[in-house]
Amino acid sequence: MTAGDPLGRLDDDDYPAYTMGRAAETIGTTAGFLRALGEARLITPLRSEGGHRRYSRYQLRIAARARELVDQGTPIEAACRIIVLEDQLEEAQRINDEYRRAAGEPRPPSTD
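Note that the structure is a prediction, hence the values are computed from the model and not measured.

What counts and how
Residues numbered from 1 in each chain as written. Predicted model: local features only at pLDDT ≥ 70, side-chain atom pairs only at ≥ 80, totals over all residues. Heavy atoms only, no water. Helix = DSSP H or I, 4+ residues; strand = E, 2+ residues; numbered from the N terminus. Buried < 20%, exposed > 50% of the residue type's maximum accessible area, 1.4 Å probe, protein only. Contact = heavy atoms within 4.5 Å. pLDDT = per-residue confidence, 0-100.

Undergrad: An account of the overall build of the protein is needed here, citing residue identities and associated values.
TA: Assigned secondary structure in the protein consists of four helices and three strands. Going from the N terminus to the C terminus, the protein shows its helices and strands as β-α-α-β-β-α-α. Looking at the protein residue by residue over its 112 residues, the buried ones come to 23%. Sequence-distant contacts in the protein: of pairs separated by 6 or more residues, those separated by 24 or more amount to 53%.

Here it is as structure tokens:
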């Protein structure tokens, strides 16, 4: 993205392009659910100059995963913890893959 390309930021997964209402509508939930995720510190929306919450596409994916878990009966606090642990596991697997590649080892078969 360059200064001459202001729309380029819309391709940025971390750009806070969604208002609370639009974010809630996009993932099929309520503004209250998004506020609860913020209170649980799963996502921290940026604030506009006027103080309004703004969400990125990355944050919406996290919120949608939380909604999926809550819809399955998982308490919101547990859903938030599960998502954090899933993220940590994914990062650890990425780091392990990098070490294996650097050492010239093949990647083990997926267990998915």
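And the narrative resumes.
Undergrad: Outline the confidence of the model for the protein, listing residues and values.
TA: Summarising the model, the protein shows a mean pLDDT of 89, and 87% of its residues fall at 70 or more. In the model of the protein, strand 2 (residues 46–47) stands out as the element of lowest mean pLDDT, 92, in contrast to helix 3 (residues 57–71), which has the highest, 96.

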